[in-house]
Amino acid sequence: MTAPVARAVHGLLTLIALGALVAPGWAQAQSGDGDEVPAPGVSLKASRALQENLPEDALQQAPTFVSGDRIEGQTGGVVTVEGAAELRRHDTVIRADRLQLDQRTNEAQARGQVLINRNGDRFEGPELQLNVETFQGHFEKPSFTLLKNEGKGDASRVDFQGEDKAVAHDARYSTCPRTPGADWMPDWLVRATRIEFDNVAEVGTATGGVLEFKGVPILGAPYFTFPLTDTRKSGLLPPTLNIDNISGLEFTLPYYLNIAPHLDATLYPTFMSKRGVDLGGELRYLQPDYAGQVRGAFMPSDQLRDADRWGYTLQHDQRLSASRLGLDGNVGLRLNLNRVSDDDYWRDFPRATSSLTTRLLASDAVLSWARGPWAVSAGTYSWQTLQDIDAPIIPPYDRLPSLALRYSRDDARIAGLNDWNWTLQSEYTRFESDPLLTRQTNGSRSLAVAELSRRWLAPGWFVKPRAQLHATRYNFDNPLANGARSATRVVPTVSLDSGLIFEREASYLGRNFVQTLEPRAFFTWTPFRDQSLLPNYDSAANDFNFASIFSENVFGGNDRISDTRALTVGASSRLLDPGTGAEVVRVGLAQRYLFRDQNVFLPNATGLPGGDPVAERLSDILLATRVQWSPRWSVDTNFQWSPGSRESVRTTLGGRYTPGKYRVFSAAYRLQRGSSEQYDFGWQWPLNDLWGEPARTGVPGGGLGAGQWYSVGRINYSVPDKKVVDLVAGFEYDAGCWLGRIVLERLQRSGASANQRILFQLEFTGFSRIGSNPLRTLKDNVPRYQYLREEINPPSRFQQYD
């Protein structure tokens, strides 16, 4: 039977089969005028994707199709196909000049331009012997392409050891593209006497392997593994190499332990040429009811300080079973523990902790319960303060313990009116610290705060009255200056917040907008209570901004309640896109007027009463604008202007330009008069835009394509000091199948010292990274930085179906 006849018979049988399935459902419709709804018959379901995997029983029954220019053989015996020979079944395609299939044993032999495609993995070579049922056999001198990670290679021989395992001998492997019609010599490759590909474990194992980059061997080992996908696996991770001005040459060889799907660990011993060996490790766990991580490090006999150094951190969040505790509602436990060995740890190990306050390390343990309007918490809060002789800081008070109760309702009925918000909260806290440092006595504080409010809201206006009663009692370990060992304070506060909202259609610079005008008035009245002798355990001045100027208390915490008797008046105007509602422009202005002097203030640095009453009736004027005329441009400005001195007390100017992916430039100017003045610049930009044709869009997986150079960095410059405070700057190169990064980092740690590093990394796509890791540094410091490689959807075998 010749190939054209075979194809014709096969096509006729296919049409008959389809007709048998479809005809019953369409018979009645075809008898009419063509507009009738088809009668019920076979249900057809739309699908946007072909089925990747068949069920096992269906796979066993899947037919095998054989075609070619000439077919010879007999049923149940040996079939020989010559000329454009092809064997095809559900997940396997074999093509060759000549193909022989023994139907009794399912053994296939193929010669001449052989191609086998198994679930998207392609092998090409001169000769193949394979059992198509068990997928066991061998391929002589093949080249291959793997689907999941776009890996490519060649070998003197490949042994197929089942559906999910193959062994390549005298092999080369890379993820770089293969150039048609030329000797394949990619930018990087692995040479090995043997490479085993395990698709179940999704791991490649090289024996006698060496990694070459640009033809130069850079890493060799008698045995190593590499990932075929992003699936986690136990084993050595790529080593990292840093050059640091404090530690010298840093070499880290991490080992990853994939203990369970919900549990893993990483060991990261680090050799530091100037200091010794730092033994670090991290454990992470995740369960339906709890999750957390533990991280620690120990350096015996640090040569820098001639002492043992250590540090640890633990975070744990858990949802407890309320029923087992005999409670209704939600019960939670939170632990946050951080400790280090000495005061210099933050300076000598600048990247060891993720705390935002590197010299104040918090340790908290909190148990909470909530049900309906009730909420209860009990916890301990302590701090480790790392002191610097040149810049000492007063440590915060530990709260050992702190107990809190809160009851809140938003549907209370008061004087015949509905929807009043009523809140009652109470708290007991024991405050402890070193009296020699704080210069205040330790003690306990009990407080109760009752609050009643109601918000009326209608189109065009809102009004919100609020009343608050703050009662506090102190008990002290030592007597105060007046000899008292206890004190009480009761302070009432009333406020009224109100505003109007006007809208109109407007047009500026050829664009239509909805423009708003939103005046706002806020009145607050708190009588004076003498609090000068009370200790200050947790109060501090609030930052002066648009949030705090419309609030009752100028202090945070509960130890100082300002006698604020004032009226704040402000207005804002916005330009809104009428189609999307997006805010294009916002302008805001506000100022506070004091009816009387403010006589409550914070104690001075010695902990004793100090300072002067606030006598100026008019506060500084706040002016803020934000403009985002297009998605590319955004500008933010904030001014705090003093009417008395007729100058700006604080100024912030910032702008960002983002014309596309991997293109961002930001600039900011910050002035705190009498304190600091800084310029800040950040960027990520492809340098090809400057000397070549700019890439307009990204490519799957990230980046703008092969051959792209990127400049990336951030510079913070201090005008009073006339020097760069923080600097992160470097280059990235995307070659398609590999990326290179080199970054210089200089971060100021104190007035006299800075930490400097040089970070260099080679990332071989789909294989490994070698060198230091600047990605976290870039992400933390460069605004809107984007990784050049992103996770994408898993590939389909139908992408390489031919």
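If you're wondering where the values come from, they're calculated on a predicted model, not measured in any experiment.

1. Quick look at the overall build of the chain
A count of helices and strands for the chain gives six helices and 48 strands. In the chain, buried positions account for 39% of the 802 residues. Intrachain contacts of the chain at a sequence separation of at least 6 include 48% that bridge at least 24 residues. Accessible surface, the chain: about 43100 Å² in total, of which carbon and sulfur atoms supply 57%.

2. Quick word on the pattern of salt bridges
A complete count under the given rule lists 53 salt bridges for this structure. For the salt bridge of Glu163 with Arg118, the shortest nitrogen-to-oxygen distance reads 3.5 Å. Taken together, the residues Glu163 in the loop between strand 10 (157-161) and strand 11 (165-174) and Arg118 in strand 5 (residues 107-118) connect sequence positions 45 residues apart. Ionic pairing is found between Arg347 and Asp388, a salt bridge with its closest N-O pair at 3.5 Å. Here Asp388 lies in the loop between strand 26 (374-385) and strand 27 (398-414) and Arg347 lies in helix 3 (residues 345-348), a separation of 41 residues in the sequence. Side by side, Arg347 and Asp388 carry an identical accessibility label, which is buried.

3. Some details on the confidence of the model for the chain
Residues of the chain with pLDDT of at least 70 account for 86%, and the chain-wide mean is 84. Across residues 1-42, confidence stays below pLDDT 50; counting only partners more than four residues off in sequence or on other chains, it has 16 contacts. Here residues 791-799 scores under 50 on pLDDT; set against residues more than four positions off or in separate chains, the count is 16 contacts.

4. Focus: the state of the cysteines
This model, assessed by the stated rule, comprises one disulfide. The disulfide partner of Cys176 is Cys737, and the S-S distance across this bridge is 1.9 Å. On the sign convention where negative is left-handed, the bridge of Cys176 and Cys737, at about 65 degrees about the S-S bond, is right-handed. One end of the pair, Cys176, is in the loop between strand 11 and strand 12 (188-198); the other, Cys737, is in the loop between strand 45 (723-734) and strand 46 (738-748), and 561 residues separate them in sequence. Take Cys176 and Cys737: they sit in the same class, and that class is buried.

5. A short note on the side chain of Arg565
Position of Arg565 relative to the elements: it lies in strand 37 (residues 565-576). Excluding anything up to four places from it in sequence, Arg565 contacts Thr524, Trp525, Thr526, Phe528, Tyr593, Leu594, Phe595, Arg596, Asp597 and Asn599.

6. Some remarks on the environment of Leu762
For Leu762, the location among the structural elements is in strand 47 (residues 754-764). The spacing of Leu762 and Arg741 is 21 residues in sequence and 6.6 Å in space, taken between C-alpha atoms.

7. Some thoughts on the pairing of strand 5
Two strands pair when backbone bridges link them, and strand 4 (residues 92-102) and strand 5 are joined in this way by nine bridges, in the antiparallel orientation. From the neighbouring strand, Gln100 faces strand 5, where its bridge partner is Gln109. Hairpin connection between strand 4 and strand 5: a loop of four residues separates the two successive antiparallel strands, and Asn106 in this loop has a positive phi of roughly 65 degrees. In this sheet, strand 6 (residues 121-131) lies alongside strand 5 in antiparallel orientation, the contact comprising 10 bridges. Paired with Asn117 across the bridge in strand 6 is Arg122. Counted between consecutive antiparallel strands, the loop separating strand 5 from strand 6 contains two residues, among which Asn119 sits at a positive phi close to 55 degrees.

8. Quick notes on the packing of aromatic side chains
Scanning all chains against the criterion turns up 34 aromatic pairs. Judged by centre distance (6.4 Å) and plane angle (45 degrees), the rings of Tyr474 and Tyr537 are tilted. Here Tyr537 lies in the loop between strand 34 (511-525) and strand 35 (540-541) and Tyr474 lies in strand 31 (residues 461-476), a separation of 63 residues in the sequence. In terms of burial, Tyr474 and Tyr537 fall into one category: buried. Just above the ring of Tyr381 sits the side chain of Arg399; from NZ or CZ to the centre is 4.2 Å.

9. Here's the deal with unusual backbone geometry
Of the consecutive residues Leu400 and Pro401, the connecting peptide bond is found in the cis state with omega at 0 degrees. Position of Pro401 relative to the elements: it lies in strand 27. Its identity as a non-glycine residue notwithstanding, Leu509 has a phi of 55 degrees, on the positive side. Mapped onto the elements of the fold, Leu509 is located in the loop between strand 33 (502-508) and strand 34.

10. A word on the environment of Ala322
By secondary structure assignment, the location of Ala322 is in the loop between strand 23 (307-320) and strand 24 (330-340). Between the C-alpha atom of Ala322 and that of Trp369, which follows or precedes it by 47 residues, the distance is 8.7 Å. Those residues in contact with Ala322, other than ones at most four positions away along the chain, are Leu327, Asp328, Gly329 and Val331.

11. Notes on the pairing of strand 23
Regular strands have side chains that alternate between both faces of the sheet. Sheet topology places strand 22 (residues 290-302) next to strand 23; 11 bridges connect them, and they run antiparallel. Across the sheet, the residue bridging to Tyr290 is Gln318, located in strand 23. Pairing geometry for strand 23 and strand 24, over 10 bridges, is antiparallel. Bridge pairing links Thr313 to Asn338 in strand 24.

12. A look at the environment of Arg351
One can find Arg351 in the loop between helix 3 and strand 25 (360-371). Separated by 426 residues in the primary sequence, Arg351 and Thr777 have C-alpha atoms spaced 9.9 Å apart. Once you skip the residues sitting within four places of it in the chain, Arg351 turns out to touch Asp244, Glu250, Glu745, Asn755 and Arg757.

Thresholds applied
Residues numbered from 1 in each chain as written. Predicted model: local features only at pLDDT ≥ 70, side-chain atom pairs only at ≥ 80, totals over all residues. Heavy atoms only, no water. Helix = DSSP H or I, 4+ residues; strand = E, 2+ residues; numbered from the N terminus. Buried < 20%, exposed > 50% of the residue type's maximum accessible area, 1.4 Å probe, protein only. Contact = heavy atoms within 4.5 Å. Areas by Shrake-Rupley, 256 points an atom, 1.4 Å probe, with all protein chains shown as cover. Salt bridge = Lys/Arg side-chain N within 4 Å of Asp/Glu carboxyl O. pLDDT = per-residue confidence, 0-100. Disulfide = S-S within 2.5 Å. Pairing = 2+ DSSP bridges. Phe/Tyr/Trp six-rings, centres within 6.5 Å; stacked < 30°, edge-to-face > 60°. Lys NZ or Arg CZ within 6 Å of the ring centre and 35° of its normal.

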